Amino acid sequence: MAATPCCYLLSPLGVMIKIVRIYLAQKYTLFPAKIEINPSANFFMSWSQRLAYVFTSSLGATLLLYFLRAFKVITSFPGGIILVLAVFSIASGLIYGVLKTKRY
């Protein structure tokens, strides 16, 4: 197998590709491949990265629900939940902005 850079292996896409390769190797060979787990891999995310993830996912969920309700795909969805999601998105975005511009 060709050598791949370390950052590629730690990305979610790289992990998915490796899982698919292992699955296909187990399915189409007589002897299944062993799964290699690297215990020294660092998967720690900083607080600003976590908040960026929370902000984008809550904003996406808010916009999706808002547009689905506006196009009357979801008719029995209460507006209070959309309001709470919008406030959560704004608050997490403000906190993310403060943490991103904070000097250490």
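Nothing here was measured: the structure is a model prediction, and the numbers come from that model. For every chain, the first residue of the written sequence is number 1, and numbering continues from 1 along that sequence. For a predicted model such as this one, the threshold for reporting local features is a pLDDT of at least 70, and the threshold for listing and counting side-chain atom pairs is 80 or more; totals across whole chains, interfaces and linings nevertheless cover every residue. Calculated side-chain values reflect all of the structure's heavy atoms, with hydrogen atoms and water omitted.

Remarks on the overall build of the protein
We count it as follows: Helix numbering and strand numbering both begin at the N terminus, where a helix is a DSSP run of H or I of at least 4 residues and a strand a DSSP run of E of at least 2. Exposed residues in this analysis have more than 50% of their type's maximum accessible area, buried residues have under 20%, and partly exposed residues fall in between, with area computed by a 1.4 Å probe over protein chains only. When checking whether two residues touch, look at their non-hydrogen atoms; a contact exists if any pair is within 4.5 Å. The Shrake-Rupley method, run with a 1.4 Å probe sphere, supplies the accessible areas, and residue values consider only the shown protein chains as cover.
Of regular secondary structure, the protein possesses four helices and zero strands. Counting from the amino terminus, helix and strand elements in the protein follow one another as α-α-α-α. Looking at the protein as a whole, 12% of its 104 residues qualify as buried. Of the contacts made within the protein by residues no fewer than 6 positions apart, 49% connect residues no fewer than 24 positions apart. Put simply, the protein shows about 8900 Å² of open surface, and 73% of that area lies on carbon and sulfur atoms.

Points about helix H3 (residues 47–70)
This is how the line gets drawn: One less than the residue count of a helix, multiplied by 1.5 Å, gives the span that helix is expected to have.
For H3, with 24 residues, the first-to-last C-alpha span of 34 Å sits near the 34 Å given by 1.5 Å per residue. For H3, the full list of buried residues reads Ser48, Leu51, Ala52, Ser58, Thr62 and Leu65. Each element contacted by the buried residues of H3 is listed here: helix H4 (79–101). Among the residues trailing H3, Lys72 stands out with phi positive, at a value near 60°.

Let's talk about the packing of aromatic side chains
The line we're drawing: Side-chain rings of Phe, Tyr and Trp (the six-membered ring for Trp) are treated as a pair once their centres are within 6.5 Å; stacked means planes under 30 degrees apart, edge-to-face means over 60, and tilted covers the remaining angles.
With the rule as written, the count across this model stands at one aromatic pair. Measuring from centroid to centroid gives 5.8 Å for Tyr66 and Phe67, while their planes differ by 65°, and the two rings are edge-to-face. Given a relative accessible area of 43%, Phe67 falls into the partly exposed group.

Brief notes about a nonpolar patch on the surface
What counts here: Patch construction takes residues with relative accessible area above 30% that form no salt bridge. Like charges are linked within 9 Å, and nonpolar side chains (Val, Leu, Ile, Met, Phe, Trp, Tyr) are linked within 5 Å. Take a side-chain nitrogen of Lys or Arg and a carboxyl oxygen of Asp or Glu: if they are within 4 Å of each other, that pair is a salt bridge.
A cluster of nonpolar side chains, Leu59, Leu63, Tyr66, Phe67, Phe71 and Val73, forms an exposed patch at the surface whose accessible area comes to about 630 Å². By the secondary structure assignment, Leu63 is in helix H3.

What to know about H4
Its 23 residues give H4 an end-to-end C-alpha distance of 33 Å, which sits within 8% of 33 Å, the value for a rise of 1.5 Å per residue. All buried positions along H4 are accounted for by Ile82, Ser89, Ser92 and Gly93. Those residues of H4 that are buried lie in contact with H3.

Brief notes about the packing of H3 against H4
Quick reminder of the rule: Working convention: axes come from line fits to C-alpha atoms, limited for helices to the stretch in contact. Angles between N-to-C directions cover 0 to 180 degrees. By the definition adopted for this analysis, an angle is roughly parallel if under 35 degrees, roughly antiparallel if over 145, roughly perpendicular if from 65 to 115, and oblique otherwise. Should the near helix be turned anticlockwise from the far one by less than a right angle, the crossing is left-handed, and should it be turned clockwise, the crossing is right-handed. Each residue is assigned to one of three groups, with Ala, Val, Leu, Ile, Met, Phe, Trp, Tyr, Cys and Pro labelled nonpolar, Asp, Glu, Lys and Arg labelled charged, and all others, Gly among them, labelled polar.
Packing of H3 against H4 leaves a shortest axis separation of 8 Å and a crossing angle of 155°. Relative to H4, the element H3 lies roughly antiparallel. The two elements H3 and H4 cross, and the hand of that crossing is left-handed. Facing H3, whose interface residues are Trp47, Ser48, Leu51, Ala52, Val54, Phe55, Ser58, Leu59, Thr62, Leu65, Tyr66 and Arg69, H4 presents Gly79, Ile82, Leu85, Ala86, Phe88, Ser89, Ser92, Gly93, Ile95, Tyr96 and Leu99. The class makeup of the residues in the contact of H3 with H4 is 15 nonpolar, seven polar and one charged.

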